[in-house]
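What follows is each chain in one-letter form.
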Amino acid sequence: MAATVSTSTTTTSSTDMAAFYRAMKRCRQFELVIEAQFNDGNVPGPLHLSIGQEAVAVGACSQLRPTDVITSTHRGHHHCIAKGAQLPRVMAELLGRSAGYSHGRGGSMHLVDAEIGILGTNGIVGGGIPIATGAAFGMQMRGEGDVALCFFGEGASSTGGFAESLNVASLWNLPVIFLCENNQYVEMTPQSVHIAGEIYKRADGYAMPGVRVDGNDVEAVASAVATALERARSGQGPTLIEAVTYRWYGHFAGDKAAYRDPAEVEEWRAKDPLARTRGFLSDSEADLIDQQVEQEMQEALTFALSSEKAGVDSIFLGQMSS
């Protein structure tokens, strides 16, 4: 059942390509701004950047309904932004401000907005996989045709929760999509050190479709997810998608990634998903989007920096009274 799809098989309108480009530009510009804030000492806590991987998040989330849900990873800003998270609140959270999604106490690994289907980024490798599977079980019981989509990295495919979740999802025909965002490095080591075989082919052992796509081709990702959603909504069960992409930066902000060959990095930078998508637009159209997104980020940053810093009182928010 496993198959490789290197490029999109659909024809996307110029309007759709502009929407794709705008969404990916928002993801990247957000991370460029937050990286600068990190370097200035304004981000309290670790930061994992997804620059270079934007097409996976945008392609996938572009196909979802508002009532569909996602689970994410420690490298999940782009997933949340693509699903519709409010930029000022994401920015505020990462800067430790009370106006953030977790009142400035959670940082990038605890971004949640259940109202728009973001069940959370997650600091545990593979932690979102069983959460998405459980959410899919609840959706199946409600019978409203909603789907859970789980983003995870290639390192998570070696965890027990991955195998257990795929097994039960297949047995129960759960409406869930397992989307492996394979950026080819598990922390500081190449996937060849950690991953046996080919990830998408593992679907065969769980009697579900397995597909590998070019994760820098936003149309290919969108097409693969659309097919998986149709299967899930019709009661046919889960799909495993492996989207092959590349993270331009190190494992975390400040990691110089000296363990990588500079030629490899440059090779993948030349496959920039933003540049690839921008090529479908006129220069004037793309330039206007760039200006609008940059203005949007400046407004989000201004909001965050003007918000009150998280204080000790926020530790007790949400506690039940005795």
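Residues numbered from 1 in each chain as written. Predicted model: local features only at pLDDT ≥ 70, side-chain atom pairs only at ≥ 80, totals over all residues. Heavy atoms only, no water.

Visitor: Explain the side chain of T71 to me, please; I cannot follow it from the model alone.
Guide: Take T71: it is sitting in strand β2 (residues 69-71). Excluding its chain neighbours within four sequence positions, the residues that come into contact with T71 are L119, G120, G128, I131, A132, L149, C150 and F151. (Helix = DSSP H or I, 4+ residues; strand = E, 2+ residues; numbered from the N terminus. Contact = heavy atoms within 4.5 Å.)

Visitor: Honestly, the packing of helix α2 (residues 54-61) against helix α7 (residues 218-233) in this entry has me stumped. Any pointers?
Guide: When two helices pack together, their arrangement is captured by the angle between the axes and the distance separating the axes. Where α2 contacts α7, the two axes come as close as 8 Å, and the packing angle between them is 40 degrees. One way to sum up the angle between α2 and α7 is to call them oblique. Here α2 and α7 pass one another in a crossing that is right-handed. For the pair α2 and α7, contact is made by A55, V56, V58, G59 and A60 and by V218, V221, A222 and V225, respectively. (Axes fitted to C-alpha atoms, helices over the stretch in contact; angles between N-to-C directions. Parallel < 35°, antiparallel > 145°, perpendicular 65-115°, else oblique. Left-handed = near helix turned anticlockwise from the far one by under 90°.)

Visitor: Quick question: what am I supposed to make of the layout of surface pockets here?
Guide: If a probe the size of a water molecule is rolled over the atoms, the empty space left behind becomes visible. Volume-wise, the largest pocket comes out at about 390 Å³. What lines the largest pocket is a set of 29 residues, and nearest its centre among them are H74, V125, G153, G155 and A156. The greatest single-element share of the lining of the largest pocket, amounting to 3 residues, is contributed by strand β3 (residues 148-153). Among the residues forming the lining of the largest pocket, the class breakdown is 9 nonpolar, 16 polar and 4 charged. (1 Å grid on protein atoms, 1.4 Å probe; cavity = no way out; pocket = protein on both sides within 12 Å on 5 of 7 lines; lining within 4 Å. Points joined across faces, edges and corners; volume = space filled by probe spheres on them. Nonpolar A, V, L, I, M, F, W, Y, C, P; charged D, E, K, R; others polar.)

Visitor: I tried to follow the environment of E144 on my own but got confused; where do I start?
Guide: Inspection of the secondary structure assignment puts E144 in the loop between α5 (128-142) and β3. A C-alpha to C-alpha distance of 38 Å links E144 and D290, two positions 146 residues apart in sequence. Setting aside chain neighbours within four positions, we find E144 in contact with R65 and M139.

Visitor: What is the right way to read the nonpolar core from this model?
Guide: Nonpolar side chains in soluble globular proteins tend to be buried together. Core analysis: the largest hydrophobic core is formed by 58 residues, its most contacted members being F30, I34, M91, L149, L179 and V225. It is helix α1 (residues 14-39) that contributes the most residues to this core, 9 residues altogether. Residues in contact with L179, not counting those within four places in the same chain, are V56, A60, L149, C150, F151, F152, V225, I241 and A243. (Core = buried A, V, L, I, M, F, W, Y, C linked by side-chain atoms within 4.5 Å. Buried < 20%, exposed > 50% of the residue type's maximum accessible area, 1.4 Å probe, protein only.)

Visitor: Would you mind showing me how to read the environment of D290 here?
Guide: Among the structural elements, D290 can be located in helix α10 (residues 283-306). Once residues within four sequence positions are removed from consideration, D290 is found in contact with Y21, K25 and R278.

Visitor: Just checking my understanding: could you explain the pairing of strand β8 (residues 239-244) for this structure?
Guide: Moving residue by residue along a regular strand, the side chains alternate between the two faces of the sheet. In terms of burial, β8 is largely enclosed, as 6 of its 6 residues are buried. Neither face of β8 is left uncovered, since the one carrying T239, I241 and A243 and the one carrying L240, E242 and V244 both have all their residues buried. Across 6 bridges, the pairing between strand β4 (residues 176-182) and β8 is parallel. Each residue of the ladder has a partner; that of C180, found in β8, is E242. Pairing of strand β7 (residues 210-214) with β8 involves 5 bridges; the strand directions are parallel. From the neighbouring strand, V213 faces β8, where its bridge partner is A243. With α7 bridging β7 and its parallel neighbour β8, the resulting β-α-β unit is right-handed. (Pairing = 2+ DSSP bridges. Right-handed = clockwise from strand over helix to strand, strands pointing away.)

Visitor: Any chance you could explain the side chain of R75 here in plain terms?
Guide: One can find R75 in the loop between β2 and α3 (77-83). The buried charged residue R75 lacks any salt bridge partner; its closest oppositely charged side chain belongs to E181, at an N-O distance of 7.2 Å. (Lys, Arg positive; Asp, Glu negative; His and termini not counted. Salt bridge = Lys/Arg side-chain N within 4 Å of Asp/Glu carboxyl O.)

Visitor: What is the right way to read unusual backbone geometry from this model?
Guide: Generally, phi is negative for residues other than glycine and the peptide bonds are trans, each holding for most cases. Look at Q184: it is not a glycine, yet its phi comes out positive at around 75 degrees. If you trace the backbone, Q184 turns up in the loop between β4 and β5 (185-186). Unlike most non-glycine residues, E187 shows phi in positive territory, near 55 degrees. Here E187 is to be found in the loop between β5 and β6 (189-190).

Visitor: For this particular structure, what's the right way to read the environment of G215?
Guide: Within the fold, G215 resides in the loop between β7 and α7. Excluding anything up to four places from it in sequence, G215 contacts A55, V56, V221, A243, V244 and T245.

Visitor: How should I be thinking about a nonpolar patch on the surface in this particular structure?
Guide: On the surface, F137, M141, L171 and W172 cluster together into a nonpolar patch covering about 470 Å² of accessible area. Judged by relative accessible area, which is 59%, M141 ranks as exposed. (Patch = residues over 30% accessible without salt bridge, like charges linked within 9 Å, V, L, I, M, F, W, Y side chains within 5 Å. Areas by Shrake-Rupley, 256 points an atom, 1.4 Å probe, with all protein chains shown as cover.)

Visitor: How should the pairing of β3 be read in this particular structure?
Guide: For β3, a buried count of 5 out of 6 residues is recorded, marking the element as mostly surrounded by other parts of the structure. In this structure, β2 lies alongside β3, joined through 3 bridges in parallel fashion. The partner of T71 across the bridge, within β3, is C150. As defined by bridge partners, β3 adjoins β4 across 6 bridges and the pair is classed as parallel. The residue bridging F152 from the neighbouring strand is C180, located in β4. Once you follow β3 into helix α6 (residues 160-171) and on to β4, the crossover reads as right-handed.

Visitor: Any chance you could explain the pattern of salt bridges here in plain terms?
Guide: A side chain of one charge can pair with a side chain of the opposite charge when the charged atoms of the two come close. Tallied over the full model, the rule gives 15 salt bridges. Salt bridges sharing partners connect three or more residues here, namely K25, R278, D283, D287 and D290.

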